[in-house]
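Architecture and fold: a report
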Amino acid sequence: MRLAVTGATGFVGGAVCRAAAAAGWQVSAFGRRAAADARHVGGAAYRSWDVGAAKLADPPEVDAVVHCAASATDTGVAREVWRTNLLGTHHVLASFPDCRFVHVSSASVYDPYRPTVRAKEHEAPVDRYLNAYAAAKAAAEQLVLAIARDAVVLRPHAVYGPGDTTLLPRLLQNVRGTRLLVPGTGRVLVSMTDVDSLARACLLAATAEPGWPNVFNIADSAPVTIDWALRGLLASAGVPVRPAYVPAPLLTPLALVFPAGRLNRYVISQFAVERTLDITAAIDRLGYEPAPTAFPPR
Ligand SMILES: NC(=O)c1ccc[n+]([C@@H]2O[C@H](COP(=O)([O-])OP(=O)(O)OC[C@H]3O[C@@H](n4cnc5c(N)ncnc54)[C@H](OP(=O)(O)O)[C@@H]3O)[C@@H](O)[C@H]2O)c1
């Protein structure tokens, strides 16, 4: 199996490269930076490619591409987020027109204005989002489904594991003293996604029989409470702080005044209400085998 992986220098893309290499696949890895750590990309051949700039002039022949490259930020400059996440996806599609296109999307495409309760795939996209990241991820999904001859879209939520560049680092920006400030009560449920399970789902998606529907939620086997997840994440990283919950109605006016602040409306929407996914389709159709959420020491 010949696989191209974009975003290979990132958290998810690196895990996909290593899983594919371990399965004996021939992997072509792409990231934006000039060079990649060979261990991070599982020893794959690596090339630098800014997906927002242009399509690839001389793409390798592959059977599938796993598209992980993205500007994965909730407060980034909108123009750059759209350039990478939508225009970049267009360029990746144009570079690999005739193979299985596995698009790593996000559960951010579900409605941020109401709880996501065991959401099924047909419940997104919606016509309202809180930031450029979610809106561009939703638009990119639509582009992929419209253009790719053979696409599979995966929607993970809250990906965690060794090498996490997003979830834990962002959380730690809200540490004050020995407390981690978190919107809400900590008692609501959340679907977490182990990065190695997501990487396995990407390989399953790369080889699955073509068919419809081809959009799948990806998460661990059962939701956990926000408080349980946060305490596990912090303990596994050896960070000696505890969550301190701030009621969402107190934070929302502040978030309206400081829309790009660390406790912005998107962050409030992610932590204060339930965000859980129905993963039945991935289990039944892709053969995805989810594991329980667990945070071994890093
Ligand atoms: N982490 C999560 O919790 C989570 C949850 C849901 C969905 N996702 C999705 O999973 C995917 C991977 O996210 P991640 O957590 O692995 O993020 P990440 O660690 O920040 O990795 C992002 C990757 O995209 C590359 N990239 C960024 N801009 C680029 C550009 N203009 N051209 C080419 N490559 C570019 C980066 O390359 P360089 O580092 O070399 O610049 C890096 O390899 C994204 O599509 C994200 O939306 C992540």
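First, a word on scope: everything that follows refers to the structure included in this document. (Residues numbered from 1 in each chain as written. Predicted model: local features only at pLDDT ≥ 70, side-chain atom pairs only at ≥ 80, totals over all residues. Heavy atoms only, no water.)

1. What to know about the overall build of the chain
Cut-off, in case you're wondering: The secondary structure listing takes helices from DSSP runs of H or I that are at least 4 residues long and strands from runs of E that are at least 2 residues long, numbered from the N terminus. Using C-alpha atoms as the atom set, the radius of gyration is obtained and then compared with a globule rule of 2.2 Å times the number of residues to the power 0.38. Classification of residues uses two cut-offs on accessible area relative to the type maximum, computed with a 1.4 Å probe and protein chains only: under 20% is buried, over 50% is exposed, and between them is partly exposed. Between two residues, a contact is recorded if the distance between any of their heavy atoms is within 4.5 Å. Working definition of accessibility: Shrake-Rupley area with a 1.4 Å probe, residue cover restricted to the visible protein chains.
Within the chain, the secondary structure is distributed over nine helices and 16 strands. For 298 residues, the compact-globule estimate of 2.2 N^0.38 gives 19 Å, and the chain sits close to it at 18 Å. Overall, the chain is about 55 × 40 × 40 Å in size when its C-alpha atoms are taken along their principal axes. Each of the 298 residues in the chain was classed as buried or not, and the buried ones make up 53%. In the chain, 78% of the contacts between residues at least 6 apart in sequence involve partners at least 24 apart. Accessible surface for the chain amounts to roughly 13200 Å². Of this, 57% is attributable to carbon and sulfur atoms.

2. Examining the sheet that holds strand β10 (residues 179-183)
Stated formally: DSSP-based pairing: two strands are paired if at least 2 bridges between them are found. Orientation is described by axes fitted as lines to C-alpha atoms, over the contacting stretch for helices, and by angles from 0 to 180 degrees between their N-to-C directions.
The three strands are arranged β9-β10-β15 in an open sheet whose pairing can be described as mixed. Of all the strands in the sheet, the pair left with one neighbour each is β9 (175-176) and β15 (242-246). Bridge count for β10 against β15 is five bridges, and the pairing is parallel. The partner of Leu180 across the bridge, within β15, is Pro243. Packed on one face of the sheet, helix α6 (residues 226-236) meets β10 and β15 and runs near 145° to β15.

3. Things to note about the site of the ligand
Note the threshold: A molecule or strand has a residue near it when one of that residue's heavy atoms lies within 4 Å. We call two N or O atoms a polar contact when they sit within 3.5 Å, provided that within protein one can donate a hydrogen and the other can accept it, with sequence-adjacent residues counted only if both atoms are side-chain atoms. Only Asp, Glu, Lys and Arg are considered charged in this grouping, and only Ala, Val, Leu, Ile, Met, Phe, Trp, Tyr, Cys and Pro are considered nonpolar; every other residue, Gly among them, is considered polar.
Around the ligand lies a shell of 26 residues, among which Thr9, Arg33, Tyr133, Lys137 and Thr165 are the nearest. Residue Thr84 places a side-chain N or O atom 3.4 Å away from a nitrogen atom belonging to the ligand. Here an oxygen atom of the ligand sits 3.3 Å away from a polar atom, N or O, in the side chain of Thr166. Expressed as a share of its isolated accessible area of 900 Å², the protein-covered part of the ligand is 91%. Of all the secondary structure elements, the ones that give two or more residues to the shell around the ligand are α1 (11-22) and α3 (132-147). Grouping the constituent residues of the shell around the ligand by class yields 14 nonpolar, eight polar and four charged.

4. Details of the sheet that holds strand β5 (residues 100-104)
Here we have seven strands laid out as an open sheet, ordered β3-β2-β1-β4-β5-β7-β13, and parallel in their pairing. Bordering the open sheet on either side are β3 (45-48) and β13 (215-218), each of which pairs with just one other strand. When the angles between neighbouring strand axes are averaged without regard to direction, this sheet yields 20°.

5. Structural notes on the side chain of Asn174
Tracing the backbone through its elements, the reader meets Asn174 in the loop between α4 (167-172) and β9. Look at Asn174 and you get buried, because its relative accessible area is 6%. When near neighbours in sequence (up to four residues on either side) are disregarded, Asn174 contacts Arg179, Leu180, Leu181, Arg262 and Leu263.

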